[in-house]
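# Remarks on the overall topology
So the chains spell out like this:
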Amino acid sequence: MDEIDLLTAAQTVDCKIDSFPIKYVGLPLATRKLSVNSWDCVVERFKLRLALWKGSVLSPAGGLILIKSVLLSDASSRALCKVSWKVICQDFDKEGLGLFNLHVRNQSLFFKWIWKLRFNNDNSLWANVISSCSSVCDWNFLLHGNVKNMSFIWKSIRKTCYSDSKAWKVFISNLKYNIGYGADVSLWNDNCLGNGSAIILFPRLYNLLNQKSAAIQNVWNGGWRWRRRLSGA
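In this report, the structure presented in the accompanying data block is examined. What you are looking at is a predicted structure, and each value in this text was computed from that prediction instead of being measured.

Turning our attention to the packing of helix H6 (residues 102–119) against helix H9 (residues 152–162). Relative orientation and spacing of two packed helices are given, respectively, by the angle between their axes and the distance between those axes. Their axes nearest at 10 Å, the elements H6 and H9 cross at an angle of 110°. Relative to H9, the element H6 is oriented roughly perpendicular. In contact with Gln-107, Phe-110, Phe-111, Trp-113, Ile-114 and Leu-117 of H6, H9 contributes Trp-154, Ser-156, Ile-157, Thr-160 and Cys-161. Split into classes, the residues belonging to the contact of H6 with H9 amount to eight nonpolar, three polar and no charged.

The next thing to look at is a nonpolar patch on the surface. The grouping of Leu-6, Leu-7 and Ile-17 at the surface amounts to a nonpolar patch, some 250 Å² of accessible area in total. Along the chain, the position of Leu-6 falls in helix H1 (residues 3–13).

Our next topic: unusual backbone geometry. Although it is not a glycine, Asp-14 adopts a positive phi angle of roughly 60°. Mapped onto the fold, Asp-14 is located in the loop between H1 and strand S1 (22–24).

The next point concerns the environment of Ile-65. Looking at where Ile-65 falls in the secondary structure, it is placed in helix H4 (residues 60–75). The sequence separation of Ile-65 and Leu-99 amounts to 34 residues, and the corresponding C-alpha distance is 9.4 Å.

This part covers the environment of Trp-224. Summarising the element assignment, Trp-224 is placed in the segment after helix H13 (216–222). Its relative accessible area of 47% is what places Trp-224 among the partly exposed residues. Each C-alpha atom of the pair Trp-224 and Asn-210 lies 8.4 Å from the other, and the pair is 14 residues apart in sequence. Not counting the four nearest positions on each side in its chain, Trp-224 is found in contact with Leu-187, Trp-188, Leu-209, Gln-211 and Val-219.

We now examine the nonpolar core. Counting 19 residues, the largest nonpolar core has Phe-111, Ile-114, Trp-139, Leu-142, Trp-154, Trp-168 and Phe-171 as its most contacted members. Residues contacting Phe-171, with those up to four places away along its chain left out, are Phe-111, Ile-114, Trp-115 and Trp-139. In this structure, Leu-187, Trp-188, Tyr-206 and Val-219 belong to the second largest nonpolar core, which totals seven residues.

Cut-offs and rules
- Residues numbered from 1 in each chain as written.
- Predicted model: local features only at pLDDT ≥ 70, side-chain atom pairs only at ≥ 80, totals over all residues.
- Heavy atoms only, no water.
- Axes fitted to C-alpha atoms, helices over the stretch in contact; angles between N-to-C directions.
- Helix = DSSP H or I, 4+ residues; strand = E, 2+ residues; numbered from the N terminus.
- Parallel < 35°, antiparallel > 145°, perpendicular 65-115°, else oblique.
- Contact = heavy atoms within 4.5 Å.
- Nonpolar A, V, L, I, M, F, W, Y, C, P; charged D, E, K, R; others polar.
- Patch = residues over 30% accessible without salt bridge, like charges linked within 9 Å, V, L, I, M, F, W, Y side chains within 5 Å.
- Areas by Shrake-Rupley, 256 points an atom, 1.4 Å probe, with all protein chains shown as cover.
- Salt bridge = Lys/Arg side-chain N within 4 Å of Asp/Glu carboxyl O.
- Buried < 20%, exposed > 50% of the residue type's maximum accessible area, 1.4 Å probe, protein only.
- Core = buried A, V, L, I, M, F, W, Y, C linked by side-chain atoms within 4.5 Å.

By themselves, these are just geometric observations and shouldn't be taken as functional.
Here it is as structure tokens:
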């Protein structure tokens, strides 16, 4: 591009003309490999954040926590990273910093709510507060109820957890039940077989059944109700 075209383009988008190396969101950028001295500005930024007089009296474990907090605060600035966060979140033995993955942490906290919804007493204070603040009253409604009638919080929880088939499968496979008479155990959604929920193991049968939210006791006492007559192979 000649100088006239470059000047015209710069005036069109209202920006200045510059050449590499440059700084972008505080980081040096160049078309070639950067020298060690090019990172001095980044090092100084970390020095200001870490407050060296505090770091000198911290234990190794405390220093690591402080470094993690600085890295996480920089992550919220939407700056471009030179190292993948997937690498940084790995354990130390895999050359990472052991930082927790924010998406996984958020998802695990959501799963704690779902776990409480499944096993909490329906007459408990927590269950009464949840049912009064949203239309989600029990486990079956969360899975099979009308999503449009749910509060925005439970819509988000359902989307983050239940719609993630891989995470949901791991969650369900790690739930254990004392079946007893089967009045409180879902035939299809609970891990009553010990190796995963029936809805995951037998999806074709689930699609043919009318009792999608039935408990084991309901099927034991009332029998099966299929959408159409089944025939042998």
